[in-house]
Amino acid sequence: MTLKHVVIGGGTGFIGTQIVNLLSHKGISYTCISRMPGPNRISWHDLECYGLPENTTAVINVAGQNILDPKQRWSEGFKQNVINSRVETTKSLAKAIIYTKADAFVTISGVSYYKPNDKEYTEESKCEKYDFLSKLCHEWEAAAQLPKDSNIRQTTIRSGVVLGKTGGMIKQIYLPFFFGLGGPIANGNQYMPWIHISDLVNLFLFSIENKTVHGILNGVAPQVIN
Ligand SMILES: NC(=O)c1ccc[n+]([C@@H]2O[C@H](COP(=O)([O-])OP(=O)(O)OC[C@H]3O[C@@H](n4cnc5c(N)ncnc54)[C@H](OP(=O)(O)O)[C@@H]3O)[C@@H](O)[C@H]2O)c1
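Worth saying up front: this structure is predicted, and the values here are computed from it rather than measured.

1. Side note on the overall build of the protein
A tally of regular secondary structure across the protein gives six helices and nine strands. Whereas a compact globule of 226 residues would reach a radius of gyration of roughly 17 Å, the protein reaches 17 Å, a difference of no more than 12%. Overall, the protein is about 50 × 40 × 35 Å in size when its C-alpha atoms are taken along their principal axes. For the protein, with 226 residues in total, the buried portion stands at 45%. Within the protein, contacts between residues at least 6 apart in sequence are counted, and of these 72% link residues at least 24 apart. Of the roughly 12900 Å² of accessible surface on the protein, 55% is carried by carbon and sulfur atoms. A distance of 4 Å separates the average location of the 22 positive side-chain charges in the protein from that of its 18 negative side-chain charges.

Have a look at this one:
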């Protein structure tokens, strides 16, 4: 399909910025939805009031309060913010996209959907909610569902831990390792499904460009590290 204009909720973050860079590199125009004003940006309030830009051909959502922020205590208020910043933003975009001629709606979720064990999971695997993050993934994915009669392809990428120099986990743990103070996280034996940032952003582009792609995609590298 011809991509004319892509709207990205959370386009200012670690993943969003790399999606924007890839789109710009390919000459595709974009608008980010952000809480802060800036060039090529609209706010969530603008979205609520005026909807998506008229020429929108695809919508992506990668917004969400950072759960790796070491300065934040996991209070009930913080957890509610973690949920709302993902579920409510996804719901707002799902509501707005049906009034456009967009072809694709691609959102992110996490591999926390799957209960960690020795089983190999596929996109078809169904898991019950078992903790806060898995419950979050269920609600996040439900928020992205579009009415059955819409002609818009909906895809959710269940991403592993995203590795890249400019953000995410590597950025959070870089400093202690730089000073020689790094070490195993928890007991170091847990599974850590992961994906490189450039593979993830290309998966987003693949999902919006290819008419046959819809439903769940597991965004993880083929090798398991534990
Ligand atoms: N990084 C990973 O390893 C990983 C793995 C799996 C899933 N994910 C998910 O992917 C998404 C993006 O991750 P990231 O690493 O790019 O995060 P990030 O760098 O912290 O960026 C988060 C983005 O969300 C927006 N945001 C933050 N709090 C918000 C709020 N309360 N309401 C609305 N927007 C808010 C920010 O936009 P403004 O500040 O401009 O408003 C920012 O653009 C998150 O939902 C995350 O859970 C990430």
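2. Topic: the UniProt feature "domain: NAD-dependent epimerase/dehydratase" (unreviewed entry) in the protein
UniProt's entry tags residues 6–210 with the feature "domain: NAD-dependent epimerase/dehydratase" (unreviewed entry), counted in the numbering of this structure. Counted over residues 6–210, helix gives 38% and strand 17%. Its end C-alpha atoms are 14 Å apart.

3. What to know about the site of the ligand
The environment of the ligand is formed by 24 residues, the closest being Thr12, Phe14, Ser34, Arg86 and Val162. Here Gly10 contributes a backbone N or O atom positioned 3.1 Å from an oxygen atom of the ligand. Within the contact set of the ligand, an oxygen atom lies 2.8 Å away from a backbone nitrogen or oxygen of Phe14. Relative to its free-state accessible area of 890 Å², the ligand is covered by the protein chains to the extent of 82%. Taken together, the elements giving at least two residues each to the shell around the ligand come down to α1 (14–25), α3 (76–97), β5 (104–110) and β7 (161–163).

Calculation notes
Residues numbered from 1 in each chain as written. Predicted model: local features only at pLDDT ≥ 70, side-chain atom pairs only at ≥ 80, totals over all residues. Heavy atoms only, no water. Helix = DSSP H or I, 4+ residues; strand = E, 2+ residues; numbered from the N terminus. Rg over C-alpha atoms; globule rule 2.2 N^0.38 Å. Buried < 20%, exposed > 50% of the residue type's maximum accessible area, 1.4 Å probe, protein only. Contact = heavy atoms within 4.5 Å. Areas by Shrake-Rupley, 256 points an atom, 1.4 Å probe, with all protein chains shown as cover. Lys, Arg positive; Asp, Glu negative; His and termini not counted. Charge placed at Lys NZ, Arg CZ, Asp CG, Glu CD. UniProt positions renumbered as here; feature names shortened; annotations may be inferred. Near = heavy atom within 4 Å. Polar contact = N/O pair within 3.5 Å; in protein donor to acceptor, adjacent residues only side chain to side chain.

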